[in-house]
Amino acid sequence: MQKKTVFITGVTGSMGGAGLEELLRRRERFDLVTLVRPSNTNREKMKALEQEPGLRIVWGDLTRYEDVLECITGADFVLHAAAMISPAADHDPQAARAVNVGSMENIIRAIKAQSDPDSIKLLTVGSVAMTGDRLAPLHVGRTGDPLKPSVYDAYACTKIDAERLVAESGLKYWASCRQTFIAVPDTLALMDPIMYHQPLHTCIELCTAHDSGLLMANACEDDVPEAFWRSFYNIGGGPAARIVFVDMM
């Protein structure tokens with residue numbers, strides 16, 4: 001069986017890292033390529049993976065088309081989890097737009113530059129923040145809900161624009177998975193005034209990085225139905241992962 005090639009972004013983050021970890025368990029079926037910004041922190045994070053069989057690390061930047069084109073050339077799947085998220089996105093909205101929207105422009109352009117763009121499957125990661133906060137009685141989110149992010153939420157606004165680019169791209173295979181808050185082991189590491197930007201009674205459904213990474217890896221398997229593609233999805237952990245924000249605090 002011929003191996004498929006997967007280009008995965010955001011591997012120094014929670015979801016992308018979990019996706020890479022899961023795909024490495026399936027390396028008998030997949031060759032992996034990732035694009036990592038060459039910061040000192042990222043080089044330290046990737047040091048243990050540089051000699052990993054079946055993984056090619058390209059040092060570069062998603063905002064540079066040439067770097068993205070190098071990674072997508074020859075790929076069968078593109079898993080795009082990289083993003084500039086809050087609170088960093090709120091502190092520098094222009095940078096957030098350059099990363100979140102600019103990277104999507106480059107990915108779509110690079111896929112279309114391939115000899116057979118219709119054979120490449122793109123899974124991109126959005127955010128449930130695109131539909132704003134969730135207060136009862138409208139606390140159960142649906143992907144068809146109006147896109148109305150909270151005021152000044154630069155992350156959500158850029159994710160809306162990026163998702164629109166994908167939906168209107170004309171690509172044959174794409175899916176947008178809107179990520180909810182990933183429950184990290186050290187919650188106190190996220191202490192930032194942004195935690196008070198949402199109503200105390202907002203209803204939240206968390207998920208784990210492992211489950212989100214599993215979703216990304218599973219999207220590359222042969223048994224994914226045709227109906228999965230060209231659609232939008234919310235990622236969540238199910239009833240056991242639901243909580244009201246004030247209780248979480």
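Right above here is the structure, for reference.
So, how was this worked out
Residues numbered from 1 in each chain as written. Predicted model: local features only at pLDDT ≥ 70, side-chain atom pairs only at ≥ 80, totals over all residues. Heavy atoms only, no water. Helix = DSSP H or I, 4+ residues; strand = E, 2+ residues; numbered from the N terminus. Rg over C-alpha atoms; globule rule 2.2 N^0.38 Å. Buried < 20%, exposed > 50% of the residue type's maximum accessible area, 1.4 Å probe, protein only. Contact = heavy atoms within 4.5 Å. Phe/Tyr/Trp six-rings, centres within 6.5 Å; stacked < 30°, edge-to-face > 60°. Lys NZ or Arg CZ within 6 Å of the ring centre and 35° of its normal. Axes fitted to C-alpha atoms, helices over the stretch in contact; angles between N-to-C directions. Parallel < 35°, antiparallel > 145°, perpendicular 65-115°, else oblique. Left-handed = near helix turned anticlockwise from the far one by under 90°. Nonpolar A, V, L, I, M, F, W, Y, C, P; charged D, E, K, R; others polar. Core = buried A, V, L, I, M, F, W, Y, C linked by side-chain atoms within 4.5 Å. Pairing = 2+ DSSP bridges. Right-handed = clockwise from strand over helix to strand, strands pointing away. Disulfide = S-S within 2.5 Å.

A. The overall build of the protein chain, seen in detail. Each helix and strand counted, the protein chain has eight helices and nine strands in total. A globule of 249 residues ought to have a C-alpha radius of gyration of about 18 Å, and the protein chain, at 18 Å, matches this closely. The C-alpha extent of the protein chain, read off along each of the three principal axes, is 50 × 40 × 35 Å. Within the protein chain, buried positions represent 44% of all 249 residues. For the protein chain, long-range pairs separated by at least 24 residues make up 77% of all intrachain contacts whose partners lie at least 6 apart in sequence.

B. Region of the structure containing the packing of aromatic side chains. Applying the stated criterion across every chain yields a total of four aromatic pairs. Residues phenylalanine 228 and tryptophan 229 carry aromatic rings whose centres are separated by 4.9 Å and whose planes lie at 80° to one another, so their mutual orientation is edge-to-face. Among the aromatic residues, ring-to-ring pairing joins Tyr173, Phe228, Trp229 and Tyr233 into one connected group. One Lys or Arg, arginine 109, reaches over the ring of tyrosine 65 and ends 3.6 Å from the middle of that ring.

C. View of unusual backbone geometry. Proline 87 follows serine 86 through a cis peptide bond whose omega is 5°. Along the chain, the position of proline 87 falls in the loop between strand 4 (77-80) and helix 4 (88-91). The phi dihedral of tyrosine 152 falls on the positive side, at around 70°, and the residue is not glycine. Among the secondary structure elements, tyrosine 152 is positioned in the loop between strand 5 (121-127) and helix 6 (154-167). Backbone geometry at arginine 230 places phi at a positive 60°, although glycine is not the residue there. Its place among the elements puts arginine 230 in the loop between helix 7 (209-218) and strand 8 (231-234).

D. Expanded view of the packing of helix 3 (residues 65-72) against helix 5 (residues 93-112). Relative orientation of the contacting elements helix 3 and helix 5 amounts to 50°, with a least axis distance of 9 Å. If you check the angle between helix 3 and helix 5, you find them oblique. Handedness of the crossing formed by helix 3 with helix 5: right-handed. Taking contact as the criterion, the partners of Tyr65, Val68, Leu69 and Ile72 in helix 3 are, on helix 5, Asn106, Ile107, Arg109, Ala110 and Ile111. In terms of residue class, the contact of helix 3 with helix 5 is built from seven nonpolar, one polar and one charged.

E. Broad picture of the nonpolar core. Ranked by size, the top nonpolar core spans 31 residues in total, and within it Val6, Leu20, Leu23, Leu32 and Leu79 carry the most contacts. Of all the secondary structure elements, the ones that give two or more residues to this core are strand 1 (4-9), helix 1 (14-24), strand 2 (30-36), strand 3 (55-59), strand 4, strand 5, strand 6 (173-179) and helix 7. At four residues, helix 1 tops the list of elements feeding residues into this core. Not counting the four nearest positions on each side in its chain, valine 6 is found in contact with Leu23, Phe30, Asp31, Leu32, Val33, Phe77, Leu79 and Cys220. Counting residues in hydrophobic clusters, the runner-up holds 23 residues, among them Phe7, Cys71, Ala110 and Ile111.

F. Here's a closer look at the pairing of strand 5. Burial of strand 5 is extensive: six of the seven residues sit out of reach of the surface. Bridging between strand 5 and strand 6 involves seven bridges; their strand directions are parallel. Each residue of the ladder has a partner; that of lysine 121, found in strand 6, is tyrosine 173.

G. Inspection of the pairing of strand 3 at higher detail. Here strand 2 runs beside strand 3; their pairing, made up of five bridges, is parallel. The residue of strand 3 that forms the bridge with leucine 35 is valine 58. In terms of handedness, the path from strand 2 via helix 2 (residues 40-46) over to strand 3 forms a crossover that is right-handed.

H. Structural view of the state of the cysteines. Tallied over the entire structure, the rule returns zero disulfides. No disulfide involves cysteine 220; its sulfur sits 11 Å from that of cysteine 177, the nearest cysteine. Since its relative accessible area comes to 1%, cysteine 220 is described here as buried.

I. Inspection of the sheet that holds strand 5 at higher detail. In space, the seven strands of this open sheet follow the order 3-2-1-4-5-6-8, with parallel pairing throughout. With one partner strand each, in any of the chains shown, strand 3 and strand 8 form the two edges of the open sheet. For this sheet, the mean inter-axis angle between neighbouring strands, taken without regard to orientation, is 20°. Strand direction decides the pairing type here: strand 1 and strand 4, joined by four bridges, are parallel. Each residue of the ladder has a partner; that of isoleucine 8, found in strand 4, is leucine 79. Its contacts with the sheet place helix 1 against strand 1, strand 2, strand 3, strand 4, strand 5 and strand 6, and it is angled at close to 160° to strand 1. Across the sheet, helix 5 touches strand 4 and strand 5, and the angle it forms with strand 4 is around 180°.

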